[in-house]
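Reading the structure
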Amino acid sequence: MAADLGELLVPFMPTIRVPKTGDRVFKSECAFSYDSPESEGGLYVCMNTFLGFGREHVERHYRKTGQSVYMHLKRHVKEKKTGATSGAFPKRRNGKVFLDLELNRDFNSEDYDFEDEAKLVIFPDHFEIALPNIEELPALVTIACDAVLNSPSAYKKQEPDSWEEDIQESRHSRSLRQQDNGVRIRPSGWKCQKCEMRENLWLNLTDGAVLCGKWFFDGAGGNGHALDHYKDTNFPLAVKLETITPDGADVYSFEEEEAVLDPNISEHLSHFGIDMLQMQQRTENGHDTDNNNSPPRSRPSEWEVIQESGSKLKSVYGSGYTGVKNLGNSCYLGCVMQVLFSIPEFQRMYVGNLQRIYDYSPLDPSQDFATQMAKLGYGLLSGQFSKPPMKSELIEQHQQKGLSPKMFKALVSKGHPEFSSSRQQDAQEFLQHVITLVERNSGGSENPSDVFRFLTEERVQCCQTRRVRYNQRVDYLMQLPVPIEAATNREELLAYEAKRREAEENQRAPPEPARARVPFAACLQAFTEPDNVPDFWSSALQAKSAGVKTSRFSSFPEYLILQIKKFTFGVDWIPKKLDVSIDVPDFLDLNRFRATGLQAGEEELPNLSPPIVLPEDTRDNSMSSLDSPEIDEAAVMQLAEMGFPLEACRKAVYYTGNMGPEMAFNWIIAHMEEPDFAEPLSLPPSTIELLPSSASETDPFAAAAAATATPLDNSPPEESVAILTSMGFPRSHTIQALRATNNNLERALDWIFTHPEEEQQSDALSDMADTEPTNQAFSLPNSHSDPTLSPDPEADAAGPRVKDGPGRYELLAFISHMGASTMSGHYVCHIKKEGRWVIYNDHKVSLSERPPKDLGYIYFYRRLSSS
């Protein structure tokens, strides 16, 4: 028999590989579906590519690649037998579990047994060889099989770096000497002993000093007094007060300079009067909420209202009612994708074309965006993974509780410093990221994100001459400001603020917060109010002047995304969320905000660019002046005082056009993971041809032309240009961005978003300075060079593709955030399906009884038909 098996495998030996360092073995998830070894058909792992395939998809891979040898993995789940008198038999180690897979958390290991099975399968005849079979298999095959079986799953190789942290016990934990100084720590109302900080507070475990930590970009604020205290005293261990629960706490060792474990933490805390069992921290589905040390509340918390915790919600199953498992602070991803796949255009593009996408997928479908979108969409909409739970003695066909989108998350977050981490993220930023990926990967095919695209008219007026300029930009989202001053309960807010200050002065527990109630109409009014244009240069005066801008809709999208601007920065630059309730309507009519264009009696601003001002000694000192660009040093120092490197602050202010410290701070957050983050500002070779002073004075067009003239040897790579133009950006704008960023693709993309005004100067160089980038909508400038983008034959051939229609909408869905910052907390979404509201809370999908429309963060409206 051994000879027979050896001869059988001889033709396939060149295709059987042993996994090398760096090879990822996908033995927990199919590349085309969410089948796993626990699925009814198990999982087939290719012995050459190490990709995994479910029973329905392994034949496709065999036909496409000719790979014949697969390892079939199957995990059987069986309910334990129970004794005649009580409970299950005593638990013993299961020697039949050998696959390096996570145990399914949907099963309690006390009640179920797991049994793994592996075998080689040779296609197309489906010849099976049971494993292990050392005696009968060739040595190479045996080694390859052992390596596959013993290798960690593809995602476990990522987790140690980005999803997990190996924390060791501190060498000081067992020998720590605590001072008997009578210090007792109150259960709430903490404040740094050296400043007014009430966040990011650390309790020194030696003397009981409560001091603030350092300032971090994730919103944890402080002035570093805890570290200063260690330098003065050498007391090594401190615990973060907000993290104390019955299960433990976050402990940091200043001497060891890392987070550590303290096995005696309960004893160390009790020394200062802290009973860990009383430091409860409410959790829901593993999401941390605010510390429960506050006085009893008279109204439900934000967490309770948004998750409808006080109601017995009825679970729903079937097509369109599949949940998404939380991979660890990935709720933002689940919510965004649930809403996107409730939109018919996304369903049609990815699920309707499922077989075509799969048939034309590349050899590695795990790295193909269309394939993974189709896989996720089908998983959410098919109902295959959303079936009522079944109770039976044999659980061979267990119904998975939601999808586990590990492959999708790994792909869409690849190379992104934030989304590839396990930290909580802003759902709006992830939505923007996904829309960018959809745009980038649509090519010449249907682009479902077209349903979000609309044109915004921006009217800029010179206050001195009253002359105007009209520009258009492409937007995908409407950001709605929140005018707190328009709250209808101002007296309640003022009373709360007075009580809060009194409690702070008397070191008492803070009062129950008051939530501002702001009318939706006031938010709309704030959106349409004229906004000052900083550093406005009037082409009529040919000098800086005061300018204002207003925005209106040049077109209305099929689906309107509306973001409530709840998040802001406090005076201490810590990201904070406004506690606000807004009466967002079910039906919305925006027709009165339709743009009208140039009106009778209005006079346009001249199409002139600001002159390039060179020093008097132009020829001698021009290069030194260009090497030292104008930078707002006050903004630089304000950022540097927060602890950021000085050179990084200079770059942030420069690349955001001296638009203030807040814009520069956002740039820092987006780029702080880059390897050259703290390196000095390095500008590309000068693109300015030196002109005689008379030329710039008498011919502003010549000066503008000189400003955009470039050396012949500074042409960006055509491949980089093609990538950006395929995303819908004008070729001239793309080349300009690449030149400004030394041909760095990621930085060029950021440059485009932070320089939308540059889009208007592709040929005439005329619209350079009378507009400023808006902060009321995120824009993806679309192609002005591809005439195929406009569906209207009478439209401007160079215009972007938009689907205009009436501005009347009905609320379809909304995403809500719980917590104090986008970098913490939890997201859920509500979607209206079949005339009823449904709440999607990670893997749980239920009928909503009281959808909290007033507490949402991102709203999705669909256009009402004109009939």
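Please refer to the structure higher up on the page.
In this text the structure is predicted, and so the values were computed from the model without any measurement. (Residues numbered from 1 in each chain as written. Predicted model: local features only at pLDDT ≥ 70, side-chain atom pairs only at ≥ 80, totals over all residues. Heavy atoms only, no water.)

Observations regarding the sheet that holds strand β8 (residues 210-212)
As summarised here, the arrangement of the 6 strands in space is β6-β11-β10-β9-β7-β8, forming an open sheet in which the pairing is mixed. If you trace the sheet from one side to the other, it starts and ends with β6 (168-169) and β8, each paired once. Sheet analysis places strand β9 (residues 237-240) next to strand β10 (residues 251-253), joined by 3 bridges and oriented antiparallel. Each residue of the ladder has a partner; that of Leu237, found in β10, is Ser253. Against the sheet, helix α5 (residues 225-233) touches β7 (201-204) and β8, its axis set at about 120 degrees to β8. (Pairing = 2+ DSSP bridges. Helix = DSSP H or I, 4+ residues; strand = E, 2+ residues; numbered from the N terminus. Contact = heavy atoms within 4.5 Å. Axes fitted to C-alpha atoms, helices over the stretch in contact; angles between N-to-C directions.)

Section: the pairing of strand β22 (residues 559-564)
In terms of burial, β22 is a largely internal element, 6 of the 6 residues being buried. Both faces of β22 are covered, namely the face carrying Tyr559, Ile561 and Gln563 and the face carrying Leu560, Leu562 and Ile564. One ladder, built from 3 bridges, connects strand β16 (residues 478-480) with β22; its direction is parallel. Opposite Met478, over in β22, you have Leu562 as the bridge partner. (Buried < 20%, exposed > 50% of the residue type's maximum accessible area, 1.4 Å probe, protein only.)

Some remarks on the packing of helix α17 (residues 633-640) against helix α18 (residues 646-655)
Between α17 and α18, the shortest axis-to-axis distance is 9 Å and the interhelical angle comes to 135 degrees. Compared by their axis directions, α17 and α18 come out oblique. Note that α17 runs across α18; the crossing there is right-handed. Counted together, Glu633, Ala635, Val636, Met637, Leu639 and Ala640 of α17 and Leu646, Cys649, Arg650, Ala652 and Val653 of α18 form the full contact between these two elements. Along the lines of polarity and charge, the residues of the contact of α17 with α18 split into 9 nonpolar, no polar and 2 charged. (Parallel < 35°, antiparallel > 145°, perpendicular 65-115°, else oblique. Left-handed = near helix turned anticlockwise from the far one by under 90°. Nonpolar A, V, L, I, M, F, W, Y, C, P; charged D, E, K, R; others polar.)

Some words on helix α2 (residues 58-65)
When we look at burial in α2, the residues that qualify are Val58, Arg60, His61 and Tyr62. Two residues or fewer after α2 comes Gly66, characterised by a positive phi angle close to 80 degrees.

Remarks on unusual backbone geometry
Here Phe123 and Pro124 are connected by a cis peptide whose omega angle stands at 10 degrees. Among the secondary structure elements, Pro124 is positioned in the loop between β4 (112-122) and β5 (127-130). With an omega of -5 degrees, the peptide bond between Leu131 and Pro132 qualifies as cis. Along the chain, Pro132 falls in the loop between β5 and α3 (139-150). The backbone phi angle of His126 is positive, close to 60 degrees, even though this residue is not glycine. With a phi close to 55 degrees, Glu308 is a non-glycine residue in the positive phi region. Tracing the chain through its elements places Glu308 in the loop between α7 (302-306) and α8 (331-340). Using a relative accessible area of 3% as the deciding quantity, one classes Glu308 as buried.

Thoughts on the nonpolar core
Of all hydrophobic cores here, the largest spans 77 residues; its most connected members are Met337, Tyr350, Phe452 and Ile815. Ranked by the residues each element gives to this core, the list is headed by α8, at 8 residues. Sequence-distant contacts of Tyr350, that is, excluding residues within four places in its chain, are made with Phe341, Ile357, Phe369, Ala370, Met373, Ala374, Val438 and Pro448. The next biggest cluster of nonpolar side chains, apart from the first, holds 32 residues, and it includes Met478, Phe520, Cys523 and Leu560. (Core = buried A, V, L, I, M, F, W, Y, C linked by side-chain atoms within 4.5 Å.)

Remarks on the packing of aromatic side chains
Applying the stated rule across the entire model yields 22 aromatic pairs. Each residue in the set Tyr44, Tyr62, Tyr70 and Phe123 is aromatic and connected to the rest through ring pairs, giving one cluster. Positioned above the aromatic ring of Tyr321 is the side chain of Lys833, whose terminal nitrogen or guanidinium carbon lies 5.6 Å from the ring centre. (Phe/Tyr/Trp six-rings, centres within 6.5 Å; stacked < 30°, edge-to-face > 60°. Lys NZ or Arg CZ within 6 Å of the ring centre and 35° of its normal.)

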